[in-house]
Amino acid sequence: MRVLVVGGGGREHALVWKIAQSPLVDKIYAAPGNAGIAAQAECLGVGAEDIEGLLGLALEKKIDLTVVGPEAPLTAGIVDRFGDKGLRIFGFDACGARLEGSKVWAKEFMTRHGIPTGEFRVFGNVTAAIKAVDTGTPPFVIKADGLAAGKGVIIAKTARDAREAIGRILKRHEFGAAGDRIVMEEYLIGDEISILALFDGESYRVFVSCQDHKRALDNDAGPNTGGMGAYAPVPFYDAELDARVRSEIIEPTFEGMKSEGVKGAGVIYFGLMVTERGPKVLEYNCRFGDPETQVILPLFKSDLASVMYEAVGGNLASVPFENSSETAACVVIASGGYPGSYNKGYAIEGLEEARERGCVVFHAGTALKDGALVTNGGRVLGVTGMAPTLRGALDKAYGGVDVIRFTGCFSRRDIGKKGL
Ligand code: AMP
Ligand code: GLY
């Protein structure tokens, strides 16, 4: 089988790494890929958002299965477009991707299907939103409706901060059209957990539970990022909680998608808050998480290429799907300045040593310059360690992190601490 992976970050490297292990796969292409992906796939110079370009590639290279990493092509309808041409593609259509693409849509979907989530109101005008702040109590959770590269959620501790956030989104249009409307949501208290499940329109399968670390610095300080590390599984996600999440959240979501005519097979990432009153949905993503994928896939024992291929055909129930009982931890090494501005092009050293220490090193923002590996993004590498225990996985991952160097590199030192 010939596979095309769309995207070029750490998540896509993990996808390529796992797909390459399948005996069914003869050749992998990536668009655009990165320097690490290039070791296992042929990287093609087409961007992840160039749907017509990708379609041309899939036809020209006679691709049997396209796997989409990021959300933007999914919300833009890549699955609909490929489907029209009879091409097999893993992901949901634009209707399904709206669960991530519009927070207003996602909240209304949850209301329609009785899925637990925080109370909310939607505003499209500044005056009404400010009035809600003036009559409400902090903290205020304010979310831009559309895709905002992970920056569209603001937790305002005071009414003043909330008014400021409303001004930035609705008046000054800092997120463009993504901020034409906002969701103001109940502040939920509890433990966050990410559950990723694969759905083919009929059956579903769940990967191991995991936890992301969104803030840039230790102890959840500093600005929000795409994710600075992850670990799996999460100790408090026991059989009882799993049963509740399945029956109260996963199953009604998939039933709802089916009844509303969503087409395709893909992954839904459930961002959950486990509150005193049970699990509630904070957000849906219509794709694998980054860096969550860098711990979930190393713990996935079955043949991912076969699972995805069969899922697209509606046969998910017929293929083996098995998670390991081990533990994995991934620590992201980022460029100094990230998630703000940072420099690129610094030489990266120590990858071989990290591998000798038993780590799997996933590339996120790397490139080759005159044959040398250099930094090319905010999140540069994800270093994953696996072991029977979380302590062991963390020691292994940090053992790798400690021997990798580039100018300005930094990582959090407390990944997985909550799980110990
Ligand atoms: P989201 O992109 O919707 O997952 O939001 C980013 C982060 O904001 C989440 O990971 C939570 O830590 C936090 N968050 C979002 N919604 C809420 C909420 N309703 N209550 C408390 N924290 C929230
Ligand atoms: N790490 C968060 C996400 O992929 O959405």
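Residues numbered from 1 in each chain as written. Chains lettered and ligands numbered in written order. Predicted model: local features only at pLDDT ≥ 70, side-chain atom pairs only at ≥ 80, totals over all residues. Heavy atoms only, no water.

Student: How should the packing of helix α1 (residues 10-19) against helix α11 (residues 304-312) be read in this particular structure?
Tutor: Packing of α1 against α11 leaves a shortest axis separation of 8 Å and a crossing angle of 100°. Taken together, the axes of α1 and α11 are roughly perpendicular relative to one another. For the pair α1 and α11, the contacting residues are Leu15, Lys18 and Ile19 in the first and Leu304, Ala305 and Met308 in the second. Split by residue class, the contact of α1 with α11 holds five nonpolar, no polar and one charged. (Axes fitted to C-alpha atoms, helices over the stretch in contact; angles between N-to-C directions. Helix = DSSP H or I, 4+ residues; strand = E, 2+ residues; numbered from the N terminus. Parallel < 35°, antiparallel > 145°, perpendicular 65-115°, else oblique. Contact = heavy atoms within 4.5 Å. Nonpolar A, V, L, I, M, F, W, Y, C, P; charged D, E, K, R; others polar.)

Student: Where do I start with the state of the cysteines in this structure?
Tutor: Where two cysteines share a covalent bond between their sulfur atoms, that bond is called a disulfide. Overall, the coordinates contain zero disulfides when judged by the stated rule. Between cysteine 409, a cysteine without a disulfide, and cysteine 359, which holds the nearest cysteine sulfur, the sulfur-to-sulfur distance is 15 Å. (Disulfide = S-S within 2.5 Å.)

Student: How should the nonpolar core be read in this particular structure?
Tutor: The nonpolar side chains of a soluble globular protein tend to be buried, and buried together. Of all hydrophobic cores here, the largest spans 75 residues; its most connected members are Phe270 and Tyr284. Contact partners of tyrosine 284, with chain neighbours within four places excluded, come to Leu99, Glu100, Ala106, Phe109, Met110, Ile115, Thr253, Ile268, Tyr269 and Phe270. In terms of nonpolar packing, the next biggest core, distinct from the first, is built from 44 residues, Trp17, Ile296, Met308 and Val319 among them. (Core = buried A, V, L, I, M, F, W, Y, C linked by side-chain atoms within 4.5 Å. Buried < 20%, exposed > 50% of the residue type's maximum accessible area, 1.4 Å probe, protein only.)

Student: Where do I start with the site of ligand 2 in this structure?
Tutor: Contacts to ligand 2 come from Asp212, Gly226, Tyr269, Asn285, Arg287, Gly289, Asp290, Pro291 and Glu292. Here a nitrogen atom of ligand 2 and a side-chain polar atom of aspartate 212 are 2.9 Å apart. In the model, an oxygen atom of ligand 2 is placed 2.9 Å from a nitrogen or oxygen of the arginine 287 side chain. Surface burial for ligand 2 is 91%, taken as the share of its 200 Å² of free accessible area covered by protein chains. By residue class, the composition of the shell around ligand 2 is two nonpolar, three polar and four charged. (Near = heavy atom within 4 Å. Polar contact = N/O pair within 3.5 Å; in protein donor to acceptor, adjacent residues only side chain to side chain. Areas by Shrake-Rupley, 256 points an atom, 1.4 Å probe, with all protein chains shown as cover.)

Student: Even after reading the chapter, I still don't get the packing of helix α7 (residues 126-135) against helix α8 (residues 159-171), so can you show me in this structure?
Tutor: Angle between the axes and distance between the axes: these two values describe a pair of packed helices. Relative to each other, α7 and α8 sit at 165°, their axes nearing to 10 Å. The orientation of α7 relative to α8 falls into the category roughly antiparallel. The two elements α7 and α8 meet at a crossing, and its hand is right-handed. Residues Val126, Ala129, Ile130, Val133 and Asp134 of α7 lie in contact with α8, whose contacting residues are Ala159, Ala162, Arg163, Ile166, Leu170 and Lys171. Along the lines of polarity and charge, the residues of the contact of α7 with α8 split into eight nonpolar, no polar and three charged. (Left-handed = near helix turned anticlockwise from the far one by under 90°.)

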